[in-house]
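Spelled out, the chains give:
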Number of protein chains: 2
Amino acid sequence: MSGPWVVGVDIGGTNLVVGLVPVEGGEPCGLRSQSTQSEQGPDATVKEIGRMVADAIEDVLSKEGGASDQVLGVGIGCPGSIDRPRGMVRTTPNLGWVDYPISTQIANLLQLPTVLDNDANCATYGEWWRGAGQGVEHLVGITVGTGVGGGVMFDGRILRGASGSAGEVGHTTIDLNGRRCSCGNYGCLEAYASGASIALRAVEGLRAGSQSVLTELADGNINQISAALIYEALQLGDEYAREIMLETAKFLGIGIANLINILNPDVVVVVGGVVGAGDYLFGTIREEAQERSFKSAFEACKIVPGQLPETAGVIGAAGIFISEIPGQL
Amino acid sequence: MSGPWVVGVDIGGTNLVVGLVPVEGGEPCGLRSQSTQSEQGPDATVKEIGRMVADAIEDVLSKEGGASDQVLGVGIGCPGSIDRPRGMVRTTPNLGWVDYPISTQIANLLQLPTVLDNDANCATYGEWWRGAGQGVEHLVGITVGTGVGGGVMFDGRILRGASGSAGEVGHTTIDLNGRRCSCGNYGCLEAYASGASIALRAVEGLRAGSQSVLTELADGNINQISAALIYEALQLGDEYAREIMLETAKFLGIGIANLINILNPDVVVVVGGVVGAGDYLFGTIREEAQERSFKSAFEACKIVPGQLPETAGVIGAAGIFISEIPGQL
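Now for a quick tour of the structure. (Residues numbered from 1 in each chain as written. Chains lettered and ligands numbered in written order. Predicted model: local features only at pLDDT ≥ 70, side-chain atom pairs only at ≥ 80, totals over all residues. Heavy atoms only, no water.)

1. Looking at the overall build of chain A
On a plain count of helices and strands, chain A comes out with twelve helices and 13 strands. By the compact-globule yardstick of 20 Å for 329 residues, chain A fits well, its C-alpha radius of gyration being 20 Å. Overall, the C-alpha framework of chain A stretches about 60 × 50 × 35 Å when taken along its three principal axes. Looking at chain A residue by residue over its 329 residues, the buried ones come to 62%. Here the contacts in chain A between residues at least 6 apart in sequence split such that 63% fall between residues at least 24 apart. Per element, the accessible surface of chain A, about 12700 Å² overall, is 47% carbon and sulfur. Charge-centre separation for chain A: the mean point of 20 positive side chains lies 4 Å from the mean point of 37 negative side chains. (Helix = DSSP H or I, 4+ residues; strand = E, 2+ residues; numbered from the N terminus. Rg over C-alpha atoms; globule rule 2.2 N^0.38 Å. Buried < 20%, exposed > 50% of the residue type's maximum accessible area, 1.4 Å probe, protein only. Contact = heavy atoms within 4.5 Å. Areas by Shrake-Rupley, 256 points an atom, 1.4 Å probe, with all protein chains shown as cover. Lys, Arg positive; Asp, Glu negative; His and termini not counted. Charge placed at Lys NZ, Arg CZ, Asp CG, Glu CD.)

2. A closer look at the interface of chain A and chain B
Of the residues lining the interface, 42 residues belong to chain A; the matching set on chain B comes to 42 residues. Buried surface at the junction of chain A and chain B, summed over both partners, amounts to about 3500 Å²; 56% is from carbon and sulfur atoms. Of all residues in chain A, Leu176, Ile262 and Phe294 of chain A bury the most surface against chain B, accounting for 20% of the area lost on that side. At the boundary of chain A and chain B, one finds zero salt bridges. On the surface where chain A and chain B come into contact, there are 32 residue pairs in polar contact (both at pLDDT 80 or more). Going through the elements one at a time, strand S10 (148–154), helix H8 (239–263), helix H10 (281–292) and helix H11 (295–299) of chain A are the ones with two or more residues in the side of chain A that touches chain B. Counting residues per element, the side of chain A that touches chain B draws most heavily on H8 of chain A, at seven residues. (Buried area = accessible area lost by both parts, 1.4 Å probe. Salt bridge = Lys/Arg side-chain N within 4 Å of Asp/Glu carboxyl O. Polar contact = N/O pair within 3.5 Å; in protein donor to acceptor, adjacent residues only side chain to side chain.)

3. Some points on the sheet that holds S10 of chain A
All names here are of chain A. With mixed pairing, the five strands of this open sheet are ordered in space as S11-S10-S9-S12-S13. Every interior strand has two partners, whereas the edge strands, strand S11 (157–158) and strand S13 (302–305), have only one. Strands in contact with H10 are strand S12 (267–271) and S13; relative to S13, the strand with the most contacts, it is inclined by about 155°. (Pairing = 2+ DSSP bridges. Axes fitted to C-alpha atoms, helices over the stretch in contact; angles between N-to-C directions.)

4. Digging into the sheet that holds strand S4 (residues 71–78) of chain A
Residue and element names in this part refer to chain A. Taking strand neighbours across the sheet as the criterion, the five strands line up as S3-S2-S1-S4-S8 in an open arrangement whose pairing is mixed. Two strands close off the open sheet at either side, each with one partner strand: strand S3 (29–35) and strand S8 (114–118). Averaged over all neighbouring strand pairs, the angle between strand axes comes to 15°, with direction disregarded. Where strand S1 (residues 5–11) and strand S2 (residues 15–22) come together, seven bridges link them in antiparallel fashion. Residue pairing in the sheet places Val9 in a bridge with Val18 of S2. Contacts from helix H1 (residues 42–64) reach S1, S2, S3 and S4 within the one sheet, and its direction differs from that of S3 by about 155°. Across the sheet, helix H12 (residues 312–323) is in contact with S1, S2, S4 and S8; its angle to S1 comes to roughly 130°.

5. Some remarks on the pattern of salt bridges
Evaluated as defined, the whole model comprises 24 salt bridges over all chains. Asp59 of chain B is the salt-bridge partner of Lys63 of chain B, the closest N and O atoms lying 3.3 Å from each other. Here Asp59 of chain B and Lys63 of chain B lie together in helix H1 (residues 42–64), a separation of four residues that amounts to about one turn. Note that Arg84 of chain B and Asp117 of chain B form a salt bridge whose closest N and O atoms lie 3.2 Å from each other. Remark: Asp117 of chain B occurs in strand S8 (residues 114–118) and Arg84 of chain B occurs in the loop between strand S5 (81–83) and strand S6 (88–92); sequence separation between them is 33 residues. Accessibility expressed as a relative area gives 21% for Arg84 of chain B, which makes it partly exposed. Salt bridges sharing partners connect three or more residues here, namely Arg84, Asp117, Arg160 and Glu324 of chain A.

6. Concerning the relation of the copies chain A and chain B
With an axial shift of 0.0 Å and an RMSD of 0.0 Å, the rotation relating chain A to chain B amounts to 180°. Accordingly, the operation relating the two chain copies is best matched by a two-fold axis. (Least-squares fit on C-alpha atoms with pLDDT ≥ 70 in both.)

7. Some words on the environment of Thr173 of chain B
For Thr173 of chain B, the location among the structural elements is in the loop between strand S11 (157–158) and helix H4 (190–193). Thr173 of chain B sits in the buried class, given a relative accessible area of 1%. Residues contacting Thr173 of chain B, with those up to four places away along its chain left out, are Thr173, Ile174, Ile254, Asn258 and Arg292 of chain A together with Tyr186, Gly187, Cys188 and Asn258 of chain B. A distance of 3.1 Å separates a polar atom in the side chain of Thr173 of chain B from a polar atom in the side chain of Arg292 of chain A.

8. Here we look at unusual backbone geometry
The backbone phi angle of Gln111 of chain A is positive, close to 55°, even though this residue is not glycine. With respect to the helices and strands, Gln111 of chain A occurs in the loop between helix H2 (102–110) and S8.

Structure below.
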């Protein structure tokens with residue numbers, strides 16, 4: 001058997017993913033993923049998470065033959081502003097929750113100790129622990145999904161900052177008079193490169209007369225176009241979808257150049273749906289980052305896709321839990 | 001007597017400043033400042049520094065009655081990209097030097113051990129050690145002078161990054177299609193907020209018809225307008241100079257918001273000539289930073305002017321030297 005395990009919970013703006021991560025190494029097991037119904041409120045989501053985790057534990061223990069004390073606890077990744085010491089979500093624009101004690105709620109439901117962190121910190125930690133940034137001294141993670149997030153690590157530790165909200169890469173300004181962002185500001189990286197922003201830019205172009213298979217894929221209702229649909233069009237060889245994604249890569253390259261100039265990391269790992277759009281994006285990301293960053297800093301930095309598609313958040317949430325068990329790591 | 005001392009050397013794009021910094025605390029003494037004649041090349045500048053330091057040492061020792069072994073070494077701050085282990089300046093756009101072994105040259109000339117660092121790191125360290133950021137856990141310094149630089153500190157240590165060039169805040173993009181920067185890119189913070197950029201924006205406005213006492217102060221030759229002249233016009237109550245500086249404060253606020261979002265520091269300290277333009281600038285800097293940064297991160301962060309005008313670089317260069325003496329700090 002491959003226990004002990006720690007449960008990882010990744011609460012995304014689009015999907016909930018849970019799984020059991022073996023403490024000693026190896027793939028997560030009992031993985032479950034379903035769409036996040038955040039509009040039903042946090043209590044309903046917590047119940048759903050409880051059900052998913054209970055199923056996953058039962059499944060894994062029955063297959064692997066372990067006892068329930070082999071499940072040590074739960075690491076939880078959640079988007080937005082997190083109050084770690086109190087296990088609270090302060091605000092999470094992409095879910096709409098405010099001041100919710102998610103850590104306690106899940107701990108009570110599952111009768112297991114919990115640790116809460118920002119979802120992008122979890123994904124970054126996951127890639128550092130078991131993915132594309134293994135063992136690297138200076139790592140930056142940038143997560144491109146419903147929103148754009150980030151995590152900053154030095155020497156195996158996540159930079160938390162004065163109030164626990166370091167790494168909010170998505171809300172750095174790259175265009176001071178630019179697009180309105182969901183946060184209310186103008187020109188944030190997220191307003192260009194998040195899944196929702198990618199879709200919005202595509203729709204604007206189609207309205208302005210661009211031709212694309214997207215119109216067909218969306219059954220003529222272009223308001224239904226999502227980033228996922230654009231990735232689909234890309235697989236079909238659609239030129240317009242390709243343009244939109246190369247533009248996205250440019251925006252990401254600018255955001256990454258800023259991170260390189262400020263932090264001079266060894267590795268920047270890009271995580272999330274956008275990675276599935278194709279490796280070729282990384283050529284454009286690197287070109288743009290090179291143009292806008294210090295030569296020695298750019299040359300010292302690898303910009304790579306994550307190696308844990310779908311599971312970086314789950315693995316990282318569990319990894320952070322493990323790193324906080326006294327005597328571990 | 002107040003020795004032992006460490007010499008601090010601050011090589012700015014505009015001025016050379018040297019002084020003796022007492023190891024045990026107290027004001028730097030024997031301060032000397034003169035304009036940097038960087039166009040005469042690094043060898044001439046090193047000779048000049050040697051003369052200034054020798055004078056300062058003689059002056060202080062004769063007044064304080066110490067012996068020359070009370071001068072422990074020299075900390076050097078230099079703009080641009082620095083190779084610390086080799087004591088080399090790799091490139092420094094504002095001085096025009098390339099691959100110059102400045103640390104060895106000064107050590108040979110003065111027969112004292114030397115430590116080299118980036119000038120903005122020195123100023124940041126100076127403010128952390130004996131200025132506006134004393135003892136703070138997460139500190140960011142932003143230096144506004146000939147260029148715009150920065151330094152990032154955690155737990156009393158400067159973040160150096162993978163190749164020693166972390167903290168290059170001036171070359172972060174805030175306007176992706178914006179002004180051309182001296183580094184060759186577009187929309188860097190430095191292209192808006194450096195001394196040269198402040199002057200350029202002022203000149204452009206005057207050419208476009210704005211009225212200001214600046215024209216008179218420059219004897220009708222508006223190409224002679226410098227940031228220093230704009231600060232002078234400001235003291236005379238000139239409305240146009242005020243506009244230019246409030247705009248500058250907005251740009252700085254954007255750059256600082258990006259730092260707050262990424263690093264979530266306790267304190268951002270703004271250092272350099274711009275601080276002399278008046279405390280009122282900080283109102284605008286804070287407003288802009290507040291609009292563009294995460295609420296909890298903004299609330300956790302003080303944005304303050306440096307407390308060591310003219311000497312932050314000298315004090316910090318000496319402080320970094322001291323921090324690297326085994327057994328110190």
